[in-house]
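Remarks on the overall topology
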Amino acid sequence: MNTPLFEALLRLGDDRLVLGHRTSEWCGHAPILEEDIALANIALDHIGQANLLLGYAGTVEGAGRDQDALAYFRDAVEYRNALLCELPKGDFGVTIVRHFLHGVFSVLQWEALSQSTDPTIAGIAAKALKESKYHVRHCGEWVIRLGDGTDESHARAQAAVDQLWPYTGELFMQPADEASLVSAGVSADVSALEGAWRAQVSDVLRRATLTAPEGVWMQRGGREGRHTEHLGHMLAEMQIVARSHPGAQW
Amino acid sequence: MVTREQVFAWLEEVKDPEVPVLSVVELGVVRDAQVAPDGAVTVQVTPTYSGCPAMRVIEESIAEALRLRGAPRVTVQTVYSPAWTTDWIPEAARAKLEAYGIAPPGAVVADDSLVPLRRAHAAVRCPWCKSTRTSLQTEFGSTSCKALWRCEECRQPFEAFKAI
């Protein structure tokens, strides 16, 4: 098995699976009908991307695990998503700000990976890039509307930025075991994306009259399987049906 | 002996479950097909959206349609590259979409900006009264591939295929 490639695919897939599941928690609860449908669609795109990435991870591993086995039968310590993705969905402001912060990262990451020398990764990335672009557009518009909106929406959007910012640094910490994949052009160095991410994010925050905190300690651990307590609770809900009835078909 | 042309002709009768006016060939989901010397048929499909829940049904419908018409063995393969685009939907199929009440997609416009707020939309024509005085309500409609629009002329809501 190509272990670094398997791990790299888990990082890509788990980010989308966990964020997709968190977003799906809004289904039936969003503030307006259009937003309920939008968040359900965004969740679906993320889970679809995870489906492709984890499916490929299973093939690379060669141990007979498919995407469902990887999604439903791994424990929190085996998940490789960034901590940002697993935090509770919070209020609508937290959900939107998180999708915006992660979405801009995703667009840059897919853009780089669409040039991957691995044709499967390049194909998935080119497809996901189109989807992430309209997610970012949707959430970016909301960030401005909330930040530059009423006193209440501004306060909540600013609180969301303050809460989430310490979790953004992990996105750009390049895992050491990916060095050979990066030099072979299979993977993309995430640390090289930070400058472009900051420029895009600052531009929207400025238009939204929001400010990013400075000099905060950046949390990390998700990429190594050290998660917040929130992931275990989320997985318990996400995995219970598959684990209670293993192999069930309908 | 089945020919590649025959396979395509048969697949023209397999409709998208969510947009039943379009065949899987017109939609651009079917990318290619080969017939082996022993008659085994292989069809390459590409998903529209990563999370499109109709893809599984589409793959099963393709395999079933070909088996019913006598193909001995059918394999449906998924390819991701090049990524699906609405530019593949031919003119005749666009007319069918409009007649069905769904505004067809415009040409895909290259978009370099990441956060193109106040995005300029190409005029979308109301499939009912044909007015172009229309406005986007939400980019997320009843399926991944459609957005919700409203006609300012006849005041009817309608769905439009997103250009992607």
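Scroll up a little and you will see the structure.
Residues numbered from 1 in each chain as written. Chains lettered and ligands numbered in written order. Predicted model: local features only at pLDDT ≥ 70, side-chain atom pairs only at ≥ 80, totals over all residues. Heavy atoms only, no water.

**Observations concerning the pattern of salt bridges**
Residues and elements named next belong to chain A. This is how the line gets drawn: Salt bridges are defined by distance alone: a side-chain nitrogen of Lys or Arg within 4 Å of a carboxyl oxygen of Asp or Glu. Labels follow the DSSP assignment, with helices taken as runs of H or I lasting at least four residues and strands as runs of E lasting at least two, numbered in each case from the N terminus. Think of it in three bands: with a 1.4 Å probe and only protein chains considered, a residue is buried below 20% of the maximum accessible area for its type, exposed above 50%, and partly exposed in between.
For the structure on display, the rule yields 26 salt bridges over all chains. Glutamate 7 is the salt-bridge partner of arginine 80, the closest N and O atoms lying 3.0 Å from each other. One end of the pair, arginine 80, is in the loop between helix H3 (67-72) and helix H4 (83-86); the other, glutamate 7, is in helix H1 (residues 3-24), with 73 residues separating them in the sequence. On the accessibility criterion, arginine 80 (15% relative accessible area) is buried.

**What about the sheet that holds strand E1 (residues 30-35) of chain B?**
Backbone-to-backbone hydrogen bonds pair the strands of a sheet. The strands run either parallel or antiparallel. Residues and elements named next belong to chain B. Our working definition: Pairs of strands are assigned from DSSP output, requiring at least two bridges between the strands. Angular values range over 0 to 180 degrees, each being the angle between N-to-C directions of two axes fitted as lines to C-alpha atoms, with helices fitted over their stretch in contact. We call two residues in contact when some of their heavy atoms are within 4.5 Å.
Strand order in the open sheet made by the three strands is E1-E2-E3, with mixed pairing throughout. Each end of this open sheet is capped by a strand with a single partner; those strands are E1 and strand E3 (74-78). Sheet twist, expressed as the mean angle between neighbouring strand axes with direction ignored, is 20 degrees. Note: strand E2 (residues 41-45) against E3, five bridges, orientation parallel. When the sheet's bridge partners are listed, valine 43 is paired in E3 with valine 76. Relative to E1, helix H1 (residues 4-11) is tilted by about 135 degrees, and along the sheet it contacts E1 and E2.

**Re the environment of tryptophan 128 of chain B**
Residues and elements named next belong to chain B. Residue position: tryptophan 128 is located in the loop between strand E4 (102-103) and strand E5 (134-138). The spacing of tryptophan 128 and proline 157 is 29 residues in sequence and 9.5 Å in space, taken between C-alpha atoms. Apart from residues no more than four positions distant in its own chain, tryptophan 128 is found in contact with Gly101, Cys154, Gln156, Pro157 and Phe158.

**A closer look at the interface of chain A and chain B**
Test applied: By buried area we mean the combined loss of accessible area, with a 1.4 Å probe, across both parts when two parts are placed together. Only Asp, Glu, Lys and Arg are considered charged in this grouping, and only Ala, Val, Leu, Ile, Met, Phe, Trp, Tyr, Cys and Pro are considered nonpolar; every other residue, Gly among them, is considered polar.
Every contact between the two is made by 32 residues of chain A and, on the other side, 28 residues of chain B. Across the chain A to chain B interface the summed buried area is about 2,600 Å²; carbon plus sulfur atoms make up 62%. At the boundary of chain A and chain B, one finds one salt bridge. Arginine 137 of chain A serves as the salt-bridge partner of glutamate 139 of chain B, at 2.7 Å between the closest nitrogen and oxygen. The element contributing the most residues to the side of chain A that touches chain B is helix H6 (residues 119-147) of chain A, with 15 residues. Here the residues of the side of chain A that touches chain B are counted per class, giving 15 nonpolar, eight polar and nine charged.

**Some points on the sheet that holds E4 of chain B**
All names here are of chain B. The mixed open sheet is built from four strands, whose spatial order is E4-E7-E6-E5. Each of the sheet's edge strands pairs with one partner strand only, and the pair in question is E4 and E5. As paired elements, E5 and strand E6 (residues 146-151) share four bridges and run antiparallel to each other. By the bridge assignment for E6, threonine 134 is matched with cysteine 151.

**Concerning the packing of H6 of chain A against helix H7 (residues 151-164) of chain A**
Residue and element names in this part refer to chain A. Note the following rule: Under this scheme an angle from 65 to 115 degrees is roughly perpendicular, one under 35 degrees roughly parallel, and one over 145 degrees roughly antiparallel; angles in between are oblique.
Running from amino to carboxyl end, H6 crosses H7 at an angle of 125 degrees, the nearest separation of the two axes being 7 Å. The orientation of H6 with respect to H7, classified from their angle, is oblique. Taken together, the residues of H7 that come into contact with H6 (itself represented by Arg145, Leu146 and Gly147) are Ser153, His154 and Ala157.

**Digging into the environment of glutamate 61 of chain A**
Residue and element names in this part refer to chain A. Relative to the elements of secondary structure, glutamate 61 occurs in helix H2 (residues 33-61). C-alpha of glutamate 61 to C-alpha of glutamate 7: the two residues are 54 residues apart in sequence and 9.5 Å apart in space. Sequence-distant contacts of glutamate 61, that is, excluding residues within four places in its chain, are made with Met1 and Phe6.

**Structural notes on the environment of isoleucine 37 of chain A**
With respect to the helices and strands, isoleucine 37 of chain A occurs in helix H2. Taking the relative accessible area as the measure of exposure, isoleucine 37 of chain A reaches 30% and is therefore partly exposed. When the C-alpha atoms of isoleucine 37 of chain A and cysteine 27 of chain A are compared, they prove to be 7.6 Å apart, with 10 residues separating the residues in sequence. Isoleucine 37 of chain A has contacts with Phe140 and Gly141 of chain B, leaving out every residue within four places of it along the chain.

**Topic: unusual backbone geometry**
In this chain, serine 81 of chain B is followed by proline 82 of chain B through a cis amide linkage whose omega measures -5 degrees. Among the secondary structure elements, proline 82 of chain B is positioned in the loop between E3 and helix H3 (91-100). Phi is positive for threonine 209 of chain A, close to 55 degrees, though the residue is something other than glycine. Positionally, threonine 209 of chain A belongs in the loop between helix H9 (194-207) and helix H10 (229-244). Despite not being glycine, arginine 155 of chain B has its phi angle at roughly 65 degrees, a positive value. Structurally, the position occupied by arginine 155 of chain B is in the loop between E6 and strand E7 (157-161). Judged by relative accessible area, which is 52%, arginine 155 of chain B ranks as exposed.

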